[in-house]
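What the coordinates show
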Amino acid sequence: AAVTNRVVEDEFCWQRYHHGGRPLFYEVAPRDVAAQRARLHDAIDEAVRRQATVLVLPELCATQALADELTTSGRLAPLPLVALGSFHEATAPATPGRNRCRVLARGVELITHDKFSDFHLEDAGDAPGDPAVRRHEHLIADDATAGFDLLISAANAVVVLICKDALDARVAALVQE
């Protein structure tokens, strides 16, 4: 597992807004994309140097453009399995979107997991001096396709879940099975 960032509030920004009175957030992205690219490259290079068999990058550590760049760069080819962190998919302003994680084997994309359980955080109020607000991640609610993939090989099984996806007791029981 790679730690690419230390202080979320200093290194990331996100859109804050309301929909129907509900405080939401979305479009989490690094404040400095070039610095984040360098962090991701360093983490991948270190995993390759250590001959890691699995590399897991943090949730929302990338943008869609950074994930595209890493996926097509060939940089991930030496690694048997990579969970390429995740990113908030680009959407129209103040609309729901997806929190996506690409899974690659030797640089080839196998699956994309879409987070299905929103996260909430205590975040800044709408104006300076306002009290903190509990904001929810503005994800597309798609119960028909919500779920996860199970990757099975001769000696291993892998499931990719993002954050709160893994905290649901029903999901934990399925994964344990």
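Everything that follows concerns the structure shown earlier in this document.
Notes on the structure in this doc start here.

Rules behind the numbers
Residues numbered from 1 in each chain as written. Predicted model: local features only at pLDDT ≥ 70, side-chain atom pairs only at ≥ 80, totals over all residues. Heavy atoms only, no water. Helix = DSSP H or I, 4+ residues; strand = E, 2+ residues; numbered from the N terminus. Contact = heavy atoms within 4.5 Å. Pairing = 2+ DSSP bridges. Axes fitted to C-alpha atoms, helices over the stretch in contact; angles between N-to-C directions. Core = buried A, V, L, I, M, F, W, Y, C linked by side-chain atoms within 4.5 Å. Buried < 20%, exposed > 50% of the residue type's maximum accessible area, 1.4 Å probe, protein only. Left-handed = near helix turned anticlockwise from the far one by under 90°. Nonpolar A, V, L, I, M, F, W, Y, C, P; charged D, E, K, R; others polar. Arc of directions from axis to C-beta.

**Section: the environment of Pro23**
Counting through the fold element by element, Pro23 comes out in strand β2 (residues 22-30). In the structure, Pro23 is positioned 98 residues away from Leu121 in sequence and 10 Å away in space, judged by C-alpha atoms. Setting aside chain neighbours within four positions, we find Pro23 in contact with Tyr17, His18, Val133, Arg134, Arg135 and His136.

**A closer look at the sheet that holds strand β1 (residues 12-19)**
Strand order in the open sheet formed by four strands is β1-β2-β9-β8, with mixed pairing between adjacent strands. Among the strands making up the open sheet, the edge pair consists of β1 and β8 (120-123). Across the sheet, the axes of successive neighbouring strands diverge by a mean angle of 40°, strand direction being ignored. Bridging between β2 and strand β9 (residues 133-137) involves two bridges; their strand directions are parallel. Across the sheet, residue Phe25 finds its bridge partner in β9, namely Glu137.

**Topic: the nonpolar core**
Counting residues in hydrophobic clusters, the biggest one holds 18 residues, and the most contacted among them are Leu40, Leu55, Leu57, Leu76, Leu79 and Leu84. At the level of elements, α2 (33-49) and α3 (64-73) are the ones that each hand at least two residues to this core. Counting residues per element, this core draws most heavily on α2, at four residues. Sequence-distant contacts of Leu40, defined by excluding residues within four places in its chain, comprise Thr4, Leu57, Cys61, Ala62, Leu66 and Leu70. Among the nonpolar cores identified, the runner-up in size contains seven residues, and Leu81, Ala83, Val103 and Ile111 belong to it.

**So, the packing of α2 against α3**
Two elements in contact, α2 and α3, have axes whose closest approach is 11 Å; the angle formed by their N-to-C orientations is 35°. Crossing angle aside, the handedness with which α2 passes α3 is right-handed. Contact residues: Val33, Gln36, Arg37, Leu40, His41 and Ile44 in α2; Leu66, Glu69 and Leu70 in α3. Of the residues in the contact of α2 with α3, the class split is five nonpolar, two polar and two charged.

**A short note on α3**
Listed as buried for α3 are Leu66, Ala67, Leu70 and Thr71. Buried residues of α3 fall within an arc of 130° about the axis and therefore sit on the same side. Pointing more than 90 degrees away from the buried face of α3 are the exposed residues Ala65 and Thr72. On its buried face, α3 is in contact with α2, β5 (87-88), β6 (99-105) and β7 (108-114). Positive backbone phi, at 85°, marks Gly74, one or two positions downstream of α3.

**Brief notes about the pairing of β1**
Two strands pair when backbone bridges link them, and β1 and β2 are joined in this way by seven bridges, in the antiparallel orientation. When the sheet's bridge partners are listed, Gln15 is paired in β2 with Tyr26. Hairpin remark: β1 followed by β2, antiparallel, with two residues in the connecting loop; positive phi at Gly20, about 60°.

**Things to note about the pairing of β7**
Where β6 meets β7, six bridges bridge the pair, whose relative direction is antiparallel. Each bridged residue has a counterpart across the sheet, and for Arg100 the counterpart in β7 is Asp114. The hairpin turn running from β6 into β7, its antiparallel successor, is two residues long, and Arg106 in that turn takes a positive phi close to 50°.

**Things to note about the environment of Ala67**
Note on placement: Ala67 falls in helix α3. Along the sequence, Ala67 and Arg100 sit 33 residues apart, while their C-alpha atoms lie 9.9 Å from each other. Dropping the residues within four chain positions of it, Ala67 is found in contact with Ala62, Leu84, Phe87 and Arg102.

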